[in-house]
2 protein chains.
Amino acid sequence: MAGRSGPVRPSLTREQVLAAAAALVKQHGPGALTMRKLAAELGTAVTSIYWHVGNRESLLEALVERTVVELGAITPRGRTPAARVVSVARALRRRLLDHPHLIAMVHERGLTERMFQPAARALVDEVHAAGLRGAPAAEAVRAVLFQAVGFVLVERNRARSPVQRPGEQELWDIQGAGEGADDPALARALARGPQPDKLFTVSVRALVDGLLNTPPSTPPKASPRTSESTPPSAPPSTPPSAP
Amino acid sequence: MAGRSGPVRPSLTREQVLAAAAALVKQHGPGALTMRKLAAELGTAVTSIYWHVGNRESLLEALVERTVVELGAITPRGRTPAARVVSVARALRRRLLDHPHLIAMVHERGLTERMFQPAARALVDEVHAAGLRGAPAAEAVRAVLFQAVGFVLVERNRARSPVQRPGEQELWDIQGAGEGADDPALARALARGPQPDKLFTVSVRALVDGLLNTPPSTPPKASPRTSESTPPSAPPSTPPSAP
DNA sequence: ACCTGAACACCGTTCAAGT
DNA sequence: ACCTGAACACCGTTCAAGT
């Protein structure tokens, strides 16, 4: 009936397979993606899927790759380089938290570095603006990346199993009764569990301060010059491209 | 022959099962631990194992718990509180790196917090010595813990897949050719890949400096009360036991 | 109290065969 | 070029039955 003059509907597309798989993963995590369920969902034989995507692992890889691309670039916000670095870290965290399964999948496949890319580009500019160059600059960039991604990994992990085993409560009560008993406010704060948003911001801020204020083994005073292009520790070669 | 007057050898012990399982995991990771292989290794029927340990998941849980306990306490080293905090972080990282599979297993089971415990206890003392109290102190402790564990997670992940997908090399070459082209040393450093040991130390040091020097939004001079036990940034309370 | 084999309900993947 | 069912080699787990 409906126009049979050509291969109008190729029946099953690689696109369709990816879409259906993405839906399954989004709902119940990658563990729930089984080739047989996927086939059922699509109304085809299991083996058809293999023709389109090779096998389960490359299917998952394709999904990860696609999602990573979707995350897109990161544009820093704020006035000082330090503030802008912090904003990049926070944006990165936001993106990762928005795709709860993605981070585990990327992690399991060793693609963490791949996911760094957009943020890394942004960070390079900022540490430059802060006056760092060369290897120390690279170190600062990586320190922030490791910090942000590592934090989210720990954070996500915590969220995954809300019931802590020995009961965080008790653990810190015991602690409170021991040598550190003179600081009940601390014991309470630890027992309450972390406030990830705040903790993240505080951590990154502290790290960035430490990194930018201390060009390894040189005086900490960053000079207040702040012409628009290259303020503090007077980088030698900030030449060409226009502001 | 050898004394048969009692249940000398109960044939199969929970201990034996755990030991054999631990061996399998140690060699090829938790993925390699299959109930059937384990049974073969032990020379028993698969179902006997179930009698002793319940099922695969609780078997793994027991393994994790046991290993976490083995890790033991952490004793800070160094003169200033900052240095001692850094030493705790480094000790924690060492332990985690020594049990490469453990960290993934703990992570997957949401027991990260559990693993924090020994290091956390040590850190509480140190931030106290640095003059922090209450909630900010708790925040500092957690910031360091998240930093250390997160770092190792990222680091381990990287080690697991030495071949990076888009080729870190190329990625940073392109970057080098773009806007950041004026800093070839940085491009080279990034393309070379991180030196985890150094990066970790630098990161933690920066974080700790940032945390201990800046009690969030209050004048940096700590020690309002602190009676005899806590002057600001001198290590005061090196407590009871011998020097 | 401890061990067993058989059986169930799942997997991912391959292959020869269809159109 | 695309789809198919049958089959293989694995899983974890349960159960009724042995001693």
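The following paragraphs examine the structure supplied in this document. (Residues numbered from 1 in each chain as written. Chains lettered and ligands numbered in written order. Predicted model: local features only at pLDDT ≥ 70, side-chain atom pairs only at ≥ 80, totals over all residues. Heavy atoms only, no water.)

This part covers the side chain of B:Arg109. For B:Arg109, the location among the structural elements is in the loop between helix H6 (100–108) and helix H7 (112–129). In this structure the side chain of B:Arg109 is engaged in a polar contact, spanning 3.1 Å, whose partner is the side chain of B:Glu57. (Helix = DSSP H or I, 4+ residues; strand = E, 2+ residues; numbered from the N terminus. Polar contact = N/O pair within 3.5 Å; in protein donor to acceptor, adjacent residues only side chain to side chain.)

So, on to the protein's contact with DNA strand D. Around DNA strand D, the structure places 20 residues, and the nearest of them are A:Thr47, A:Ser48, A:His52, B:Arg36 and B:Thr47. For DNA strand D, the fraction of protein-proximal atoms (within 4 Å) that sit in sugar or phosphate groups is 51%. Note that a base nitrogen of DNA strand D is positioned 2.3 Å from one of the side-chain N or O atoms of B:Arg36. B:Arg56 is positioned with one of its backbone polar atoms (N or O) 3.0 Å from a phosphate oxygen of DNA strand D. Breaking the surface near DNA strand D down by element, the ones donating at least two residues are helix H3 (46–53) of chain A together with helix H2 (35–42) and helix H3 (46–53) of chain B. The biggest single contributor to the surface near DNA strand D is H3(A), with 4 residues. Here the residues of the surface near DNA strand D are counted per class, giving 8 nonpolar, 8 polar and 4 charged. (Near = heavy atom within 4 Å. Nonpolar A, V, L, I, M, F, W, Y, C, P; charged D, E, K, R; others polar.)

We now examine the protein's contact with DNA strand C. Taken together, 19 residues lie near DNA strand C, and A:Arg36, A:Thr47, B:Thr47, B:Trp51 and B:His52 sit nearest. Counting only atoms of DNA strand C within 4 Å of the protein, the fraction found in sugar and phosphate groups is 50%. Note that a base nitrogen of DNA strand C is positioned 2.3 Å from one of the side-chain N or O atoms of A:Arg36. B:Thr47 is positioned such that a nitrogen or oxygen atom in its side chain is 3.1 Å from a base oxygen of DNA strand C. The set of elements that each furnish at least two residues to the surface near DNA strand C consists of helix H2 (35–42) and H3 of chain A together with H3 of chain B. Looking at the surface near DNA strand C, the element that brings in the most residues is H3(B), giving 4 residues. For the surface near DNA strand C, the class distribution of residues is 8 nonpolar, 8 polar and 3 charged.

To continue, consider the packing of aromatic side chains. According to the stated counting rule, one finds 6 aromatic pairs over all chains in the structure shown. Ring geometry for A:Phe146 and B:Phe151: centres 4.8 Å apart, planes at 40°, overall tilted. In this pair, A:Phe146 is assigned in helix H8 (residues 134–160) and B:Phe151 in helix H8 (residues 134–160), connecting two distinct chains. Considered together, A:Phe146 and B:Phe151 belong to a single accessibility category, that of buried residues. With a centroid separation of 6.1 Å and an interplanar angle of 50°, the aromatic rings of B:Phe116 and B:Phe146 are classed as tilted. A residue pair is termed long-range when its members are at least 10 positions apart, and B:Phe116 in helix H7 and B:Phe146 in helix H8 qualify at 30 residues. Residue classification places B:Phe116 among the buried residues on the basis of a relative accessible area of 3%. Of the aromatic side chains, those joined through ring pairs into one cluster are A:Phe116, A:Phe146, B:Phe151 and B:Phe200. The ring of A:Phe200 has A:Arg93 lying over it, and the distance from NZ or CZ to the ring centre is 5.1 Å. (Phe/Tyr/Trp six-rings, centres within 6.5 Å; stacked < 30°, edge-to-face > 60°. Buried < 20%, exposed > 50% of the residue type's maximum accessible area, 1.4 Å probe, protein only. Lys NZ or Arg CZ within 6 Å of the ring centre and 35° of its normal.)

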